[in-house]
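Per-entry structural report
Here's the letter readout for the chains.
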Amino acid sequence: MLDQYGCNTWIISSFLCSLVISKNVEGLERHSLLVSGGGAEAVRSPHDEGVIVPLVPPASPIRLALIGAGRIGSHHAAAIAHDVHAAHLAAVVDPRIDTATTLAERLGARAEADASGVLADPDIDAIVVTTPAALHRDLIVEAAAAGKHVFAEKPITTDLIEADECVAAARRAGVVLQIGFNRRFAPGFAAARTAVDDGRIGTPQLLRSLTRDPGPYDGDPDKTPQWTIFLETLIHDFDTLRWLNPGSEVIEVTAHADALIRPDAREAGFLDTAVVTLRFDNGAFATAEASFSASYGYDVRGEVFGDGGMATAGSARTSDMDYYGPAGVSYDTARADTELLHGAYVAEFAAFVDAIRNGSDASAIPTGEDGVRSLEIARAAIISVSESRTVTLEEVAR
């Protein structure tokens, strides 16, 4: 019979299964096979062409509790439940218990209104933090103290001292702390990093990363926390630029920002458009830019140029299909991050599970330390805009 992995298997005890590899699968005979734990039936070809190969049962799924059932949390919960086969979504936590219950019931998980229950539950291996960033610190620190591994959406926190505390807590507890920088797991961006690693790019000299949210912008500037464009949006680009220039760190930041989409909100401190120039300690220059309203869709791209070549990555396209019609050639574009980067979200959770299970090296995931480094750049950009000057990273040191 075919198991869930498409293999021909026979369960011969609660501890062991056998894979039958046979040139002749017709007329199979059943033979008694004595295995550890008792007798059981196995399958062998009548001509002994089959080979019985013991298989180790798949490891138990990593049991995850997701905290924060908002827009991105709901997406992540569904991605884990449906697409990350090495994980099991055990619980959804949100103080809006009706929201948590609706999502949990749809995905076969339990709902809770408070995180204390899942943190105390010995059957929960890890938590996924998708709450507002201001709540990250306490959840990360408490989860680490409870021995839970942590995946936290970006940013790690919005305060550098709190971010340091998160990293220290995870280190003390010996747990994985991964930050949700999903672009590292998008195929094009991953291929660009490979081109850097294998030397095709040479030494990176110029880098670029951009985020343009789908328009028209329909948010409420009054409900958007100040500096969101740096702390929540460009934080992705800061990580991408560091990641595409491995072994180097940013030393200077110069940022410009304005309210070009909603100029009426400028006096209140709202910013919807920004450009940030970075200088690395290996001499490379990088540019990060963001807009809250791209009329053509959600646009995420990156570029790394060096003395050996250049790699570009990213697109707003939903597929590589071009439509040729009476009006010309066109293609569809994504209108949400969860549409454009769903595969990358799934891949980052798969990497998280692998890091928990196999102790993957830190280079395989965006760590808490990576979250701190990107937050330092964001904080330097905020000072740069506030004081209209270039800021060194030393100035944001704690």
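Residues numbered from 1 in each chain as written. Predicted model: local features only at pLDDT ≥ 70, side-chain atom pairs only at ≥ 80, totals over all residues. Heavy atoms only, no water.

A closer look at the packing of aromatic side chains
- Applying the stated criterion across every chain yields a total of 6 aromatic pairs.
- On the numbers, 5.8 Å between centres and 65° between planes, the contact of Phe151 with Phe352 is edge-to-face. Separated by 201 residues along the polypeptide, Phe151 in strand β10 (residues 149–152) and Phe352 in helix α9 (residues 342–358) bring together distant segments of the chain. For the pair Phe151 and Phe352, one class covers both residues: buried.
- Aromatic pair Trp227 and Phe230: ring centres 6.3 Å apart, planes at 35°, arrangement tilted. We note that Trp227, like Phe230, is buried.
- Taken together, the aromatic side chains of Phe151, Phe349 and Phe352 make up a single cluster linked through ring pairs. (Phe/Tyr/Trp six-rings, centres within 6.5 Å; stacked < 30°, edge-to-face > 60°. Helix = DSSP H or I, 4+ residues; strand = E, 2+ residues; numbered from the N terminus. Buried < 20%, exposed > 50% of the residue type's maximum accessible area, 1.4 Å probe, protein only.)

With respect to a nonpolar patch on the surface
- A cluster of nonpolar side chains, contributed by Leu206, Phe285, Phe305 and Met310, occupies part of the molecular surface with about 370 Å² of accessible area.
- Note on placement: Phe285 falls in strand β15 (residues 285–294).
- Classification of Phe285 as partly exposed rests on a relative accessible area of 38%. (Patch = residues over 30% accessible without salt bridge, like charges linked within 9 Å, V, L, I, M, F, W, Y side chains within 5 Å. Areas by Shrake-Rupley, 256 points an atom, 1.4 Å probe, with all protein chains shown as cover. Salt bridge = Lys/Arg side-chain N within 4 Å of Asp/Glu carboxyl O.)

Looking at helix α2 (residues 97–107)
- Listed in full, the buried residues belonging to α2 are Ala100, Leu103, Ala104 and Leu107. Take α2 and look down its axis: the buried residues cluster within an arc of 100°, on one side only. Away from its buried face by more than 90 degrees, α2 exposes Asp98, Thr102, Glu105 and Arg106.
- On the buried face of α2, the contacting elements are α1 (71–83), β7 (87–93) and β8 (110–112).
- Residue Gly108 follows α2 closely and has a positive phi angle near 75°. (Arc of directions from axis to C-beta. Contact = heavy atoms within 4.5 Å.)

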